[in-house]
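Residue-level structural notes
The residues making up each chain are set out below.
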Amino acid sequence: MEKTSILTAVAIAVPWAAGILVAVVRRHWRTIGFVGALVSVVASMILLTAAPGIRSLNEVLMVLFSCLTLGAMLVLPRRDCTPSTIGGILFLLGSTLLAYSAKDLRVLLSAWILSTVPFFSVKWFGARSWRPRAGLLLSSSALALAVVIIAAQGRVMVIDGLNGRSPGGISVFGLLVAAVIFRKGICPAHAWVADAAQGGPAIPTALLLNGHFGAMLVAKLIVPLFPNTARDMFPVLSYLALVTALYVAIRGLSENSPRRLLALVALSQSACILAGLESRSAEGITGALVHWFVVTVSTMGLFGVLRLLEVRFGENLTASHYLGLAAHAPRLAVFFIVFGLALVGLPGTLSFCSQDLLIQGTLESHPQTGLLLPIATAMNAVTIFRLFARLFLGRQRTGFTVMADALAREKWILAAGVLFVVMGGLFPNVIVARQAAEAEAVEQAMRWPANSFQSSARRRPAVPNLKPEAQRNLGSRLRLKERILFSPK
Amino acid sequence: MDYSQTMLAFAVLAPGVVFVVLALVWLAGWVPSESVVSRITGLTFSASIFALAVVLWRIAATGAPAVVLIFGNWFTVQSYHFPLVLFADRLSLPFMGMTVVLAGLIGQFSATYLHRERGFFRFFLLLHLFAFGSLLAFAAGSFDLLVAGWEVVGITSVLLIAFFQQRTAPVENGLRVFAVYRACDIGLLVGVFALHNWSGTASFASGLPSLTGSRASTLCGLLLLAAAGKAAQVPFSGWLPRAMEGPTPSSAIFYGAISIHAGAYLLLRVQPIVVQSRAASAMVIAVGLASAIHGTMSGRASADAKTSLAYASLTQVGVVFIEIGLGWRSIAVAHILGHATVRTLQFLRAPSMLHDYHKMHSAVGGELSLAGKHLNELLPEPVQLWLYRWSLDRGHLDTILDRFVIYPLMRLSRLFARLDGVGLTGSLSQRESPLSRQRAAGQGRV
């Protein structure tokens, strides 16, 4: 067994084991959860350092998600810190990491379904709306059907083996796109996201939404497997994503429920990720990948701060009038505005770079519809500022018995999130360069001539003298592909 | 890096570094005393003034057109790159000098003016951030970097409008200003994209790219949108009186001096392109003329001192726009510098205006006589009344914006909310509908 496989297994299995331990022992659950998540973080980091620079998106996502879960363990208020919540979060962590690291379609499908399991439990999830469950169920069904069709055709189930072969043709492509639409909450299947955020537990729901399984499916499966179909049909998904970004941004202007409002803004911003992935330009795809990280961290930060406010000042927070909470919780106010503005492109944060790249990429590929992106972002910025103003500004309220600002553990974990978005904004090349290489590979896949992947797969054995070290950087890799593609038989 | 480049970097970065340090100190739980904060502010801006003086001396002594400091690319993706270039030439240096001198003065003034104010520390924190954003915008060697500084100025401006956060009016007005800024900044973002697309770079450190008529007009139109938003020109002037809710020192530096002239700076920066296109020149002149007329009329009908001064600023910036459209670059720069200085003084004296009047009246031994007849008295009375109503309602600009942009957008938003509500289960609609939320909020209001 390879070292990477062992580490991947550790990163996935330890949270699951910790989740079971929490359910059995029912004591010290925060500590057990923290340790479980920490082990995942360490294993994912070792995997990332061992991964080749140009193909490390999965490992980066594993590190990011396990760090988010680690942070969630610390931010989780005592009121929410129950064995079932901790167990559910750990289960979600293991499932998400399994999906990121899956190399087989069946494993990916299992992880996809497993990650939704806790949300079907009414006791755990809490939201009584049927739409979150319907969205998750439909997305899982679409993916399952696609996998079944591929299996029925007798094809291999290893993802790398299917690259460029368009398994199942347009029907499987359509099912995969449907899975993305339902899971990501793209119009017209967007309403479940706000319902989930409104009725469900804030932090676990934020983790579910920040798995970004829809974007992962696009980057990991749809583009590599269907380069030609994606090239022709993908603009439809891109238009839908841009329309979602604008629709949801407009929808947020009149929303007064803080949770619903945050979900709408996060959805609008994460829809931009899909638009960027489809832009077929290196700038757009890099922007999308970087934006993925920013949206994930900022959204988690915002939901975390909101939940901390709810447990301090009551669950009936509303953006319909001014609550003046900054006087009671000034540090939470600062964290909220920094995360909020980081989500919508504040200079000095990583999202400024990602938005810059996204706008360049989408306007380049869709000069007319691409304009929706800056318009949606501008509206989201106004919405976020409105929410900040309504929650934190205004006349100071009296009569609170608890006046606590952020506790030490909350303060430092939120500060770590702020540090990520700010340091990432000041020194973006560390992140952008890595994602640019990844994006270049995605872009190449989408620009590849018709049937090139099939050709390359067939011709691969005809080139005997491949140098392994040639794969260490992207330039060598691309030259290698050219040699494979254009070498005489 | 030679000494002038070091000084340029220092002048731009010093306020930003102070902001970061003060913010971290606050986050760690320590709030420095007023005297410490004001001393740090004084030292920072004094050092920045000295640094800029060195840069100016270097340019004057060597006759070099500019001091350029290239840090490389902030980030690169294939052929697209974000150049990190600081650039001090004969256009940016006056603006940078104005920023550090006035920010230093405002810092000294505010140490007394805001003494024992609850938001004293917050004000100084934001003053440093604003100075950093302005210096970054003025010293940027590319439009990409200019956008970064531009946005920082916008955010700081909004946070200072909402400075008196205990009252809802400043906060509401801050939100309105923020919305206008963000809407107009779309022009800048798309303009920068257009520059990248058409010329391969948005850097102007080695000269602006030459663009053809239609492209020049499009680019100037987009940048004019951003400039008009930031400079409160017609039709975006409605936010200016709202911005007067902030503390007087911030009104002075933002809307009397720096922020309101940032739009003019942007147009001056692209002025070689503006003059290449008659349509662009005409647009700039038309906006400037409309703003100057609107500003002078609305200012005359304003009841409070700060709003009158704000509209006076607007009028002068409108005239500056006309000068830029006509290609009178040097006159525009001189006009900006003179106007910013005088207007800052007027804003800072505004709170003691009555005291000044009383002092003057005592000196002359009674009230001053009326100035005499006004030209508007030559107009028929119904026209005078109509003009008065028009001026009193500030050209109906806010009403037009509300009726044709904000209300339709909010109606659309509510329609979308209703559409999203279709298909809810009975239990959900009872538990999570807006009505039930309001009821719940009413019962257990925080």
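Residues numbered from 1 in each chain as written. Chains lettered and ligands numbered in written order. Predicted model: local features only at pLDDT ≥ 70, side-chain atom pairs only at ≥ 80, totals over all residues.

Of regular secondary structure, chain B possesses 19 helices and two strands. In terms of overall dimensions, chain B is globule-like: its C-alpha atoms have a radius of gyration of 24 Å, near the 22 Å expected for 446 residues. The principal-axis extents of the C-alpha atoms in chain B amount to approximately 75 × 70 × 55 Å. Residues counted as buried form 49% of the 446 residues belonging to chain B. A fraction of 77% describes how many contacts in chain B between residues 6 or more apart in sequence connect residues 24 or more apart. (Helix = DSSP H or I, 4+ residues; strand = E, 2+ residues; numbered from the N terminus. Rg over C-alpha atoms; globule rule 2.2 N^0.38 Å. Buried ≥ 20, exposed ≤ 12 C-beta atoms within 10 Å, placed from the backbone. Contact = placed C-beta atoms within 7 Å.)

Helix and strand counts for chain A come out as 22 helices and zero strands. Evaluated residue by residue, chain A yields a buried proportion of 61% over its 489 residues. Within chain A, contacts between residues at least 6 apart in sequence are counted, and of these 80% link residues at least 24 apart.

The next thing to look at is unusual backbone geometry. The peptide bond linking Cys187 of chain A to Pro188 of chain A adopts the cis configuration, its omega dihedral lying at 5 degrees. As for its position among the elements, Pro188 of chain A is in the loop between helix 9 (169–184) and helix 10 (191–199). The peptide bond linking Val234 of chain B to Pro235 of chain B adopts the cis configuration, its omega dihedral lying at 10 degrees. Position of Pro235 of chain B relative to the elements: it lies in the loop between helix 7 (213–230) and helix 8 (239–242). The backbone of Ala232 of chain B sits at a positive phi, close to 55 degrees, despite the residue not being glycine. Its location among the elements puts Ala232 of chain B in the loop between helix 7 and helix 8. Residue classification places Ala232 of chain B among the buried positions, given that 29 C-beta atoms sit within 10 Å.

With that settled, consider the environment of Val10 of chain A. Residues and elements named next belong to chain A. Looking at the element boundaries, Val10 is found in helix 1 (residues 3–25). A residue is classified by how many C-beta atoms lie within 10 Å of it, and Val10, with 18 of them, is partly exposed. Note: C-alpha distance between Val10 and Ser40 (30 residues apart in sequence) is 7.0 Å. Contacts of Val10, omitting those with residues within four sequence positions, involve Val39 and Ala43.

Time to look at helix 7 of chain B. Residue and element names in this part refer to chain B. End to end, helix 7 covers 25 Å across 18 residues, agreeing with the expected 26 Å (1.5 Å per residue, within 8%). Counting buried residues in helix 7 gives 13 out of 18 residues, a clear majority hidden from the surface. Of the residues trailing helix 7, Ala232 is marked for its positive phi of about 55 degrees. (Expected span 1.5 Å × (residues − 1).)

Let's shift gears to the domain arrangement of chain A. Size of an interface: often given as the accessible area lost when the parts come together. All names here are of chain A. Entries for chain A in the domain assignment read domain 1 (1–101) and domain 2 (102–456 + 470–486). Look at where the C-alpha atoms of domain 1 and domain 2 centre, and you get two points 20 Å apart. Taken together, the 29 residues of domain 1 in the interface contact 41 residues of domain 2. At the level of secondary structure, the elements contributing two or more residues to the side of domain 1 that touches domain 2 comprise helix 3 (57–75) and helix 4 (83–101). Broken down by element, the side of domain 1 that touches domain 2 gets its largest block of residues, 12 residues, from helix 4. For the side of domain 1 that touches domain 2, a count of residues per class yields 17 nonpolar, 10 polar and two charged. (Domains from an automatic or database assignment. Nonpolar A, V, L, I, M, F, W, Y, C, P; charged D, E, K, R; others polar.)

Contact residues are listed per partner, giving 47 residues for chain B and 56 residues for chain A. Top contributing element to the side of chain B that touches chain A by residue count: helix 6 (residues 168–199) of chain B, with 13 residues. Considered class by class, the residues forming the side of chain B that touches chain A number 29 nonpolar, 10 polar and eight charged.

Glancing now at the nonpolar core. One finds Leu176 and Ala245 of chain A together with Ala139, Leu223, Ala264 and Leu267 of chain B to be the most contacted residues of the largest nonpolar core, which totals 318 residues. Per-element accounting of this core gives the leading share, 17 residues, to helix 15 (residues 282–313) of chain A. In this structure, Ala245 of chain A is in contact with Ser268, Ala271, Cys272, Ala275, Leu372, Leu373 and Ala376 of chain A, ignoring residues within four places of it in sequence. (Core = buried A, V, L, I, M, F, W, Y, C linked by C-beta atoms within 7 Å.)

A few words now on the domain arrangement of chain B. Segmentation of chain B into domains returns domain 1 (3–353) and domain 2 (403–440). Between the C-alpha centres of domain 1 of chain B and domain 2 of chain B there is a distance of 40 Å.

Looking now at the environment of Val22 of chain A. Residue and element names in this part refer to chain A. The residue Val22 is located in helix 1 in this model. Separated by 137 residues in the primary sequence, Val22 and Ile159 have C-alpha atoms spaced 34 Å apart. The contact partners of Val22, leaving out residues within four places of it in the chain, are Trp29, Ile32, Gly33, Pro83, Ile86, Gly87 and Leu90.

Attention now moves to the environment of Gly304 of chain A. Residues and elements named next belong to chain A. As for its position among the elements, Gly304 is in helix 15. On the basis of neighbour count, Gly304 is assigned to the buried category, with 29 C-beta atoms found within 10 Å. Gly304 sits 70 residues away from Phe234 along the chain, and the two C-alpha atoms are 34 Å apart. Apart from residues lying up to four places away in sequence, Gly304 is in contact with Val75, Ile203 and Leu414.

Helix packing for two helices is described by the angle between their axes and how far apart those axes are. Residue and element names in this part refer to chain A. Running from N to C, helix 12 (residues 213–225) and helix 14 (residues 258–278) cross one another at 10 degrees; their axes reach a closest spacing of 9 Å. Our classification of the angle between helix 12 and helix 14 gives roughly parallel. Between helix 12 and helix 14, the residues in contact are Ala215, Val218 and Ala219 and Ile273, Leu274 and Leu277, respectively. Partitioned by chemical class, the residues of the contact of helix 12 with helix 14 number six nonpolar, no polar and no charged. (Axes fitted to C-alpha atoms, helices over the stretch in contact; angles between N-to-C directions. Parallel < 35°, antiparallel > 145°, perpendicular 65-115°, else oblique.)

Let's shift gears to the pairing of strand 2 (residues 80–89) of chain B. Residue and element names in this part refer to chain B. For strand 2, the tally of buried residues reaches seven of 10 residues, placing the bulk of the element in the interior. Bridge analysis of strand 1 (residues 66–77) against strand 2 gives 10 bridges, and the strand direction is antiparallel. Its bridge partner lying in strand 2, Val77 is registered against Tyr80. Taken together, strand 1 and the strand that follows it, strand 2, pair antiparallel across an intervening segment of two residues, in which Gln78 is found at a positive phi of about 50 degrees. (Pairing = 2+ DSSP bridges.)

With that out of the way, let us pick up the confidence of the model for chain B. Within chain B, residue pLDDT values average 90, and 94% of them lie at 70 or more. Scoring of the predicted complex yields 0.89 for pTM and 0.89 for ipTM. (pLDDT = per-residue confidence, 0-100.)

Next up on the list: the confidence of the model for chain A. Across chain A, pLDDT averages 86, with 89% of residues at or above 70. The low-confidence segment residues 449–489 of chain A (pLDDT under 50) makes 36 contacts with residues lying over four places distant or belonging to another chain.

Right, let's talk about helix 10 (residues 259–269) of chain B for a bit. Of all 11 residues that make up helix 10 of chain B, 11 are buried, and the element is covered over most of its length. Listed as buried for helix 10 of chain B are Ser259, Ile260, His261, Ala262, Gly263, Ala264, Tyr265, Leu266, Leu267, Leu268 and Arg269 of chain B.

A few words on the packing of helix 3 of chain A against helix 4 of chain A. Residue and element names in this part refer to chain A. For the pair helix 3 and helix 4, the least separation of the axes is 9 Å and the interaxial angle reads 175 degrees. As the angle between them shows, helix 3 and helix 4 are arranged roughly antiparallel. Contacts from Asn58, Leu61, Met62, Phe65, Ser66, Thr69 and Ala72 in helix 3 reach Ile89, Leu93, Thr96, Leu97, Tyr100 and Ser101 in helix 4. A class-by-class count of the residues in the contact of helix 3 with helix 4 yields eight nonpolar, five polar and no charged.

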